[in-house]
Amino acid sequence: LAPPSRPTGPSMGLKMPKVDIPKVRLPRVDMQKAKAAALGLVFAASLALAFPTDAFAAKSGGRIGGGSFKRTQMSAPRSTGASSYGGAQYGGGGTTIIAPSPRVGVGAGVGVMPMPVYSSYGYGAPMLFGPSFGSLVLVGSMLFMATSLFGGWGQDEEEALSVCKVQVATNCPDRGPNSVLGVIARLADEVDTDDEDSLASMVSDVALALLRKEGDWISAKIESVDVDDEDEAEATFSQMSLKERAKIERETINRVRGNDKSDAREGEGKLEDIGKATSAVITLILCLQGRKIPEANDMASLRKSLSSVGSDVVGNDSLLAAEVMWTPEEPWETMTPDEVILDYPDHIPL
């Protein structure tokens, strides 16, 4: 007889109680809805980074502006109707000088001109002659050369238009009258936004105030766009202005071309908060004729650019329109360098 088999395995011959394990049904996941939810979260995060929120948006800002996009023109008539940008009306400015247009034209039709005919009896009555093919080629060549040399009858560098933005982030160790924010607050009270010379003087003084505080600079951004005419200049100027205005919640100083649309302040903060050290961002948006602000990528080039702003806009007709913006405006509000980085990611660190 064969020996009995010995039990093997974890039970070793012992009877294990039977345990009923309940079946857990996992909810069925709709992958399409899951993907949509994930994309929604990504989109919301993108919006949070692209647009300022209460967590890091500056709450107050100032804005002073004026000028006209109608320039003095030597080569073509310009209308002097009112134009506008950013909700403020800008009346036509400058003097329009109408120059006679060239009398030679090449078009679909060919004109006939009277020419005197010489005979043995002297100059007689004019007779009508049509131009020959050779004369048309000669006239066309002359027009092409003139257009190439003179830029289309008067479009030279002295009349070229450009719209530029000069933006500097700086530290303000105090908010006194000699600080950058203190100087801008005083200039904003004194400027006459209806007077072009007064506005140009403010732009120059703001550039000078920034130059005097070179050691406090944090970062900067200079953007310049060449435009073909006043309409394009106005549209580009308006886009730059709206982009910067969207970064603040309320414009507690907002005076443009004599119109005061300042928002009410929310109420003064604590006394100990007034005048605290803060970071600040100062923005100049300029429409220039015959001038262009050089770009900046370091301290030296920014110094050169601000010097150009301070000197080019005073004593000549190069400045057509300007806006000066700054944030924070309320004296009890502060801004940190981290908030500057979040709101102005395109700045070049200095």
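Throughout this description, residue numbers start from 1 for each chain and increase along the sequence as written. Predicted model: local features are reported for residues with pLDDT of at least 70 only, side-chain atom pairs are reported and counted for 80 or more only, and whole-chain, interface and lining totals are derived from all residues. Only hydrogens and water are removed before side-chain values are computed, so all heavy atoms of the structure are retained for them.

Moving on to the pairing of strand 8 (residues 161-172). A simple rule labels every residue: compare its accessible area, found with a 1.4 Å probe on the protein chains alone, to the largest value its type can have, and call it buried under 20%, exposed over 50%, or partly exposed in between. Helix and strand assignments follow DSSP, with helices taken as H or I runs no shorter than four residues and strands as E runs no shorter than two, numbered in order from the N terminus. The buried fraction of strand 8 is high, at 11 of 12 residues. DSSP calls a pair of strands paired once it identifies at least 2 bridges connecting them. Relative to strand 9 (residues 217-227), strand 8 runs antiparallel, the two sharing 10 bridges. Note on strand 9: the bridge partner recorded for Q167 is K221. Examined bridge by bridge, strand 8 and strand 12 (residues 278-289) share 12 bridges and lie antiparallel to one another. Each bridged residue has a counterpart across the sheet, and for T170 the counterpart in strand 12 is A280.

The subject of this paragraph is unusual backbone geometry. Residue T327 is joined to P328 through a cis peptide bond whose omega torsion reads 0°. Among the structural elements, P328 can be located in the loop between strand 13 (319-327) and helix 7 (337-343). One non-glycine residue, R257, adopts positive backbone phi at about 50°. By the secondary structure assignment, R257 is in the loop between strand 10 (248-256) and strand 11 (259-260).

What follows is about the environment of T170. As for its position among the elements, T170 is in strand 8. Along the backbone, T170 and E214 are 44 residues apart, and their C-alpha atoms lie at a distance of 8.5 Å. Contacts were defined at the residue level, with two residues in contact if any of their heavy atoms lie within 4.5 Å. Discounting chain neighbours no more than four positions away, the residues touching T170 are K213, D216, W217, I218, T278, S279, A280 and I282. Residues adjacent in sequence count toward polar contacts only when both atoms are side-chain atoms; beyond that, a polar contact is any pair of N or O atoms within 3.5 Å, and within protein one must be able to donate a hydrogen and the other to accept it. Among the polar contacts listed, one links the side chain of T170 to the backbone oxygen of D216, at a separation of 3.2 Å.

A separate point is the side chain of T327. Among the secondary structure elements, T327 is positioned in strand 13. Of note is the side chain of T327, whose polar atom sits 2.7 Å from the backbone oxygen of S60.

To continue, consider the confidence of the model for the chain. The predictor's confidence in any single residue is recorded as pLDDT, a number from 0 to 100. In the predicted model, the chain carries a mean pLDDT of 74, and 57% of its residues have values of at least 70. The low-confidence segment residues 39-57, where pLDDT is below 50, has 14 contacts with residues more than four positions distant or belonging to other chains. When the criterion is pLDDT under 50, residues 147-155 qualifies, and its contacts beyond four places in sequence or with other chains add up to 12 contacts.

Before going further, it helps to spend a moment on helix 6 (residues 299-312). Given the number of residues in a helix, its expected span is that number minus one, multiplied by 1.5 Å. The end-to-end C-alpha separation of helix 6 is 20 Å, in line with the 20 Å expected for 14 residues at 1.5 Å each. Turning to helix 6, its buried residues number three or more, namely S301, L302, S305, L306, S308, V309, G310 and D312. Summarising the contacts, the buried residues of helix 6 are in contact with strand 8, helix 4 (196-212), strand 9 and strand 12.

A separate point is the pattern of salt bridges. Pairing of side chains with opposite charge becomes possible as their charged atoms draw close. Just to be clear on terms, a salt bridge is a Lys or Arg side-chain nitrogen sitting within 4 Å of an Asp or Glu carboxyl oxygen. Tallied over the entire structure, the rule returns 12 salt bridges. With its nearest N and O atoms 3.2 Å apart, the salt bridge here joins E244 to K165. Placement of E244 in helix 5 (residues 230-245) and of K165 in strand 8 is noted, with a sequence separation of 79 residues between them. With relative accessibility at 2%, the residue K165 sits in the buried group. In this structure, R250 engages E330 in a salt bridge whose closest nitrogen and oxygen atoms are separated by 2.8 Å. Taken together, the residues span a long stretch of sequence, with R250 in strand 10 and E330 in the loop between strand 13 and helix 7 at a distance of 80 residues. Each of the two residues, R250 as well as E330, counts as buried. Linked by salt bridges that have partners in common, K165, E223, E244 and K247 make up one network.

Here we come to the packing of helix 3 (residues 180-190) against helix 4. Angles shown run from 0 to 180 degrees and are taken between the N-to-C directions of axes, each axis being a line fitted to C-alpha atoms and, for helices, limited to the stretch in contact. Contact pair helix 3 / helix 4: the axes reach a minimum separation of 10 Å and the direction vectors enclose 170°. Between helix 3 and helix 4, the interaxial angle falls into the category roughly antiparallel. Residue-level inspection shows V180, V183, I184, L187 and A188 of helix 3 in contact with helix 4, the latter providing M202, D205, V206, A209 and L210. Throughout this entry, Asp, Glu, Lys and Arg are counted as charged residues, while Ala, Val, Leu, Ile, Met, Phe, Trp, Tyr, Cys and Pro are counted as nonpolar. The remaining residues, Gly among them, count as polar. Of the residues contributing to the contact of helix 3 with helix 4, the split by class is 9 nonpolar, no polar and 1 charged. For classification purposes, angles smaller than 35 degrees are called roughly parallel, those larger than 145 roughly antiparallel, those between 65 and 115 roughly perpendicular, and all remaining angles oblique.

Turning our eyes to something else, we now look at the environment of E234. Along the polypeptide, E234 turns up in helix 5. For E234, a relative accessible area of 13% gives the class buried.

Within strand 10, 7 of the 9 residues are buried, which leaves the element mostly enclosed by the surrounding structure. Where strand 10 and strand 11 come together, 2 bridges link them in antiparallel fashion. Looking across to strand 11, one finds that R255 is bridged to D260. Following strand 10, the chain reverses through 2 residues before pairing antiparallel with strand 11; R257 in that reversal takes a positive phi of roughly 50°.

Moving on, we come to the nonpolar core. One broad rule of soluble globular proteins: the nonpolar side chains tend to lie buried together. V203, V206, L286 and W326 are the most contacted members of the largest nonpolar core, which totals 39 residues. Sorting the residues of this core by element identifies strand 8, helix 3, helix 4, strand 9, strand 12, helix 6 and strand 13 as the ones contributing at least two each. Look past the residues within four positions of L286 in its chain and what remains in contact with it is S162, V163, C164, V203, F237, V309, L319, A321 and A322. Only buried residues count toward a nonpolar core, which is a set of Ala, Val, Leu, Ile, Met, Phe, Trp, Tyr and Cys residues joined through side-chain atoms within 4.5 Å. Ranked by size, the runner-up nonpolar core spans 12 residues in total, among them L161, V163, A233 and F237.

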